[in-house]
Amino acid sequence: MTRDNDYISKQKFMQELESYRKGSVTRRHFLNVTGLGAAAAVMGAAVPGLRPSPAFAGDIGDRVIVATWPNYHDPSNFEAFTEATGAHVQVNVFGSNEEMLAKLQAGATGWDVYVPTNYTISTYVEEGLIEPLDTSKLPNYDGSAFDARYAEAGSVDGTLYAVPKNWGSTGMAVNTKHNDGKPISSWKEFFDIARDKFTGRAMVHDYQLTTIGSALNYYGYSFNSVDENELADAEKLLIDVKPHLFAITSDYQPSMRNGDAWLTICWSGDGKQLNTDMPEIHYVLGREGGEIWSDYFAIPKGAPHMEAAYALINFLMDPQVNAKEVLAHGYPTADARTFDLLPEALKNDPILFPAQELLTPLEFGAAATLTDPNRAELMARFKSA
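Residues numbered from 1 in each chain as written. Predicted model: local features only at pLDDT ≥ 70, side-chain atom pairs only at ≥ 80, totals over all residues. Heavy atoms only, no water.

Their axes nearest at 8 Å, the elements helix H7 (residues 187-194) and helix H8 (residues 208-218) cross at an angle of 105°. Classed by the angle they form, the pair H7 and H8 counts as roughly perpendicular. Here Trp 187, Lys 188, Phe 191 and Asp 192 of H7 lie close against H8, whose contacting residues are Ser 214, Ala 215, Asn 217 and Tyr 218. Broken down by class, the residue content of the contact of H7 with H8 amounts to four nonpolar, two polar and two charged. (Axes fitted to C-alpha atoms, helices over the stretch in contact; angles between N-to-C directions. Helix = DSSP H or I, 4+ residues; strand = E, 2+ residues; numbered from the N terminus. Parallel < 35°, antiparallel > 145°, perpendicular 65-115°, else oblique. Contact = heavy atoms within 4.5 Å. Nonpolar A, V, L, I, M, F, W, Y, C, P; charged D, E, K, R; others polar.)

Attention now goes to the environment of Thr 360. One can find Thr 360 in the loop between helix H16 (356-359) and strand E12 (362-363). For Thr 360 and Gly 290, which are 70 residues apart along the polypeptide, the C-alpha to C-alpha distance reads 9.8 Å. Only 2.8 Å separates the side chain of Thr 360 from the backbone oxygen of Gln 356, close enough to count as a polar contact. (Polar contact = N/O pair within 3.5 Å; in protein donor to acceptor, adjacent residues only side chain to side chain.)

For the rest of this paragraph, the subject is the confidence of the model for the protein. Per-chain confidence: the protein averages 89 in pLDDT, with 85% of residues scoring 70 or above. Across residues 20-28, confidence stays below pLDDT 50; counting only partners more than four residues off in sequence or on other chains, it has 13 contacts. Taken as a whole, residues 36-55 scores under 50 in pLDDT and shows 28 contacts with residues more than four places along the chain or in a different chain. (pLDDT = per-residue confidence, 0-100.)

Our focus in this paragraph is empty space enclosed by the protein. One pass over the full model with this rule turns up two cavities of 30 Å³ or more. Put simply, the largest cavity is a space of about 110 Å³. Broken down by element, the residue count for the lining of the largest cavity peaks at three residues, all from strand E11 (residues 290-298). Residue composition of the lining of the largest cavity, grouped by class: seven nonpolar, two polar and three charged. Summarising the domain contributions, the lining of the largest cavity has at least three residues from each of domain 1 (63-167 + 294-348) and domain 2 (168-292 + 354-384). Estimates place the volume of the second largest cavity at around 50 Å³. If you trace the second largest cavity, you find it lined by Phe 146, Pro 164, Lys 165, Phe 297, Leu 316, Met 317, Asn 322 and Asp 335. (1 Å grid on protein atoms, 1.4 Å probe; cavity = no way out; pocket = protein on both sides within 12 Å on 5 of 7 lines; lining within 4 Å. Points joined across faces, edges and corners; volume = space filled by probe spheres on them. Domains from an automatic or database assignment.)

In summary, the side chains of a regular strand alternate between the two faces of the sheet. The element strand E1 (residues 63-68) is extensively covered by neighbouring structure, given that five of its six residues are classed as buried. Handedness of the crossover joining E1 and strand E2 (residues 88-93) through helix H4 (residues 75-85): right-handed. Across two bridges, the pairing between E1 and strand E3 (residues 113-114) is parallel. Residue pairing across strands places Val 66 opposite Val 113, the latter belonging to E3. (Buried < 20%, exposed > 50% of the residue type's maximum accessible area, 1.4 Å probe, protein only. Right-handed = clockwise from strand over helix to strand, strands pointing away. Pairing = 2+ DSSP bridges.)

Quick look at the pairing of strand E6 (residues 162-175) now. When you tally the buried positions in E6, you get 14 out of 14 residues, the bulk of the element. Relative to E11, E6 runs antiparallel, the two sharing eight bridges. Residue pairing across strands places Trp 167 opposite Ser 294, the latter belonging to E11. Direction of pairing for E6 relative to strand E9 (residues 263-267): antiparallel, over a ladder of five bridges.

Attention shifts here to unusual backbone geometry. A positive phi is found at Asn 71, a non-glycine position, where the angle reads about 55°. Checked against the element boundaries, Asn 71 lands in the loop between E1 and H4. Of note, Asp 157 is a non-glycine position whose phi angle comes to about 50°, a positive value. Relative to the assigned elements, Asp 157 resides in the loop between strand E4 (155-156) and strand E5 (159-160).

Membership of the largest hydrophobic core comes to 75 residues, with the highest contact counts inside it found for Phe 81, Val 113, Tyr 114, Tyr 124, Leu 312 and Ile 313. If you tally residues by element for this core, the top one is helix H12 (residues 306-316), at eight residues. Three or more residues apiece are contributed to this core by two domains, here domain 1 (63-167 + 294-348) and domain 2 (168-292 + 354-384). Not counting residues up to four positions away in its chain, the partners in contact with Ile 313 are Val 113, Leu 138, Val 163, Phe 297, Ala 298 and Ile 299. Among the nonpolar cores identified, the runner-up in size contains 28 residues, and Ile 193, Leu 216, Val 241 and Val 284 belong to it. (Core = buried A, V, L, I, M, F, W, Y, C linked by side-chain atoms within 4.5 Å.)

Looking now at the environment of Met 172. Relative to the assigned elements, Met 172 resides in strand E6. The spatial distance from the C-alpha of Met 172 to the C-alpha of Ile 265 is 4.4 Å, given a sequence separation of 93 residues.

With that out of the way, let us pick up the pattern of salt bridges. The full count for this structure, using the stated rule, is 15 salt bridges. With a shortest N-O distance of 2.8 Å, Arg 149 and Asp 147 are connected by a salt bridge. Owing to a relative accessible area of 46%, Arg 149 belongs among the partly exposed residues under this scheme. A residue is classified by how much of its surface remains accessible, and Asp 147, at 28% relative accessible area, is partly exposed. Where salt bridges share partners, they join Lys 188, Asp 192, Arg 195 and Asp 240 into one cluster. (Salt bridge = Lys/Arg side-chain N within 4 Å of Asp/Glu carboxyl O.)

The next thing to look at is H8. Burial analysis of H8 places eleven of its eleven residues in the buried class, which makes it a mostly covered element. All of the buried residues along H8 are Gln 208, Leu 209, Thr 210, Thr 211, Ile 212, Gly 213, Ser 214, Ala 215, Leu 216, Asn 217 and Tyr 218. Gly 220 sits one or two positions beyond H8 and adopts a positive phi of about 85°.

This is the structure we're talking about:
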């Protein structure tokens, strides 16, 4: 007689994973049904360095609320934090930095930790929406261990407000099974095939920076442009492609996995996760340009569970814990201590660490794009068209 956890289909796995993320099944149920409980035990025995260490000694309360991105953490690390501290981790997922900014401006989010992208931090400082960090409460943080390119945005006028989580790129994921086995390699190809062979099967982010930026790259313009004429060209392209889209969403993995969609704007970690499970899905960078970014851990002003916020950030910055994060989400780390713990295959992975000639055309997001009214209005018109 075959037991349920002897074999599980990808569809069943994703259903169980979604139930676990929503909190409708326990971690024990999820690990048992998917067979990951045994795998985790084997991995822990084989690689004892990846066992997390306690984060905080003392009472930090019963919860910590995190605002973060989809598919961006190893749930077992949150479970380990709860076991070590008694504080339950509640996760709120958002789809864009504009959404995060708007919620913080409205007040009373209840968030204790959030994950802003490099170009947004100066705006949070200007608007008084972010706490300066007390590094004495972050003993696992070592500023000298981080690549400066992916760490410098966390400091504004000499004050540290955010510590690096990881970095990545924004490109595209294509299911080559539906394109004669061939990937695509440019934003021109992306938008042209979305309106032709892949009509009804393509997705763009619900996020002005990347969706407008990619449309700007189609014409060879800067990803960060706020030029009115260039934005008008991008709007014309987006309005033209809109009837051909399957969805406008920043949580695109489910549709790519179940085959409803074949093409999407994609962050590199999602591209790595998809390619690992479905090798026919390729992640590529547009040769015209695109985004390179770094994300950070930060604490919003007046966080209700401040000690728990520090404890969680400190826990996740433990290199051993962070290595588990990287293995789970597929985004490269800027922490040399964590990098040294990763398998060689991951260090040499072309999705995580693209060749320099592919990275060169990419741009870090510019602070002006976050609050530019023309880009905000363009995105609103596109979504309502």
